[in-house]
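Chains, contacts and geometry: an overview
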Amino acid sequence: MFNDEQLNRYSRQLMVNELDLDGQEALAAARVLIVGCGGLANPAALYLAGAGVGQLVLADDDRVELSNLHRQVAFRGDQVSQPKAEALRDQLQLLNADVDVRSAVARVDDAWLDDAVAEATLVLDCTDNFVTRQAINRACVAHAKPLVSGAAIRMDGQLAVFDLRAADSPCYACVYGDGTDGDLACSEAGILGPVVGVVGTLQALAAMRTLSGASVASVLHLFDGRTLGWRQVAIPRDPQCPVCAARQLPG
Ligand SMILES: [Zn+2]
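Right, let's walk through the structure included here.

As for the packing of helix H6 (residues 110–119) against helix H7 (residues 130–143)
One way to put it is that H6 packs onto H7 with a least axis distance of 9 Å and a crossing angle of 45°. The angle between H6 and H7 falls in the class oblique. Classified by chirality, the crossing of H7 by H6 is right-handed. Every residue of H7 that contacts H6 at Asp110, Leu113, Asp114, Val117 and Ala118 is listed here: Ala135, Ile136, Arg138, Ala139, Cys140 and His143. The residue makeup of the contact of H6 with H7, split by class, is seven nonpolar, one polar and three charged.

Here it is in structure tokens:
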């Protein structure tokens, strides 16, 4: 399935038993939807493109700003004012032309997500607002797609995997409820680049693990940029969850 150049390109990760050739084939067959093209998505998408994920779909309606460049590490200074989804696509294609990268310069809504999530193998939530996070979660619950959720603000980061292919998986709303209040944008609160970078990087790793067949536990990972320490909190499924309590797996 892979030619000599591809085997060379991916050789160092093929040596890793936890991935190996089966995992590489699973990555090549996958279509990963990345919603939001900011500080989480930049490192996540670079690593997933570098690793040889077959298709990446990038969605964002923002444009690159000068104040993004300290953390949105895929962008270059001459891309300021370009749509983020297109600027990121262009950088990913330069990194690995084998990857089929699609970009949507769009504010995603329920209808858009319903189609895009249905076609995806796995979804990365790299957004910065609760309205979109809740909409992504609802679509992933409805279509039973694994969701890798990341968030970061100031010196703190969070990461969780919800493998909604499993009937007993919790969802994002089991942890956070289904509310949409409390947005705190980086433009108001501030963020250090490596803090959001470490979360985005681990979203890519969690995606690679999930796509290559590993079972990734439903745990909330909390990063403290002051101590460089991580804390893990178990996520139980909420039997009263407004989103997933009554769900039935499709098919
Ligand atoms: Zn739930």
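On we go.
Overview of the environment of leucine 159
Here leucine 159 is to be found in strand E6 (residues 156–162). In this structure leucine 159 comes out as buried when scored by relative accessible area, which is 6%. On a C-alpha basis, the gap between leucine 159 and valine 219 in space is 8.3 Å, while along the polypeptide they are 60 residues apart.

What to know about the pairing of E6
For E6, a buried count of five out of seven residues is recorded, marking the element as mostly surrounded by other parts of the structure. As paired elements, strand E5 (residues 147–153) and E6 share seven bridges and run antiparallel to each other. From the neighbouring strand, leucine 147 faces E6, where its bridge partner is phenylalanine 162. The antiparallel pairing of E5 with E6 creates a hairpin that spans two residues between the two strands, and arginine 154 there sits at a positive phi of about 50°.

Conventions adopted
- Each chain has its residues counted from 1, following the order in which its sequence is written.
- Per-residue local features of the predicted model are confined to residues with pLDDT of at least 70, and side-chain atom pairs are confined, for both listing and counting, to 80 or more; whole-chain, interface and lining totals are unaffected and use all residues.
- Remark: hydrogens and water are excluded; side-chain values derive from all non-hydrogen atoms of the structure.
- Axes here mean lines fitted to C-alpha atoms, for a helix over just the part in contact, with angles spanning 0 to 180 degrees between N-to-C directions.
- Helix numbers and strand numbers start at the N terminus; a helix is a DSSP run of H or I with at least 4 residues, a strand a run of E with at least 2.
- Should an angle lie under 35 degrees it is considered roughly parallel, over 145 roughly antiparallel, and from 65 to 115 roughly perpendicular; all remaining angles are considered oblique.
- Left-handed is the label given to a crossing in which the near helix is rotated counterclockwise from the far helix by less than a right angle, and right-handed is the label when the rotation is clockwise.
- In this analysis, two residues are considered to be in contact whenever any of their non-hydrogen atoms come within 4.5 Å of each other.
- Here the nonpolar group is Ala, Val, Leu, Ile, Met, Phe, Trp, Tyr, Cys and Pro; Asp, Glu, Lys and Arg are the charged ones; every other residue, Gly included, is treated as polar.
- Relative accessibility thresholds used throughout: buried, under 20% of the residue-type maximum; exposed, over 50%; partly exposed, between the two (1.4 Å probe, protein chains only).
- Should DSSP find at least two bridges between two strands, the strands are taken to pair.

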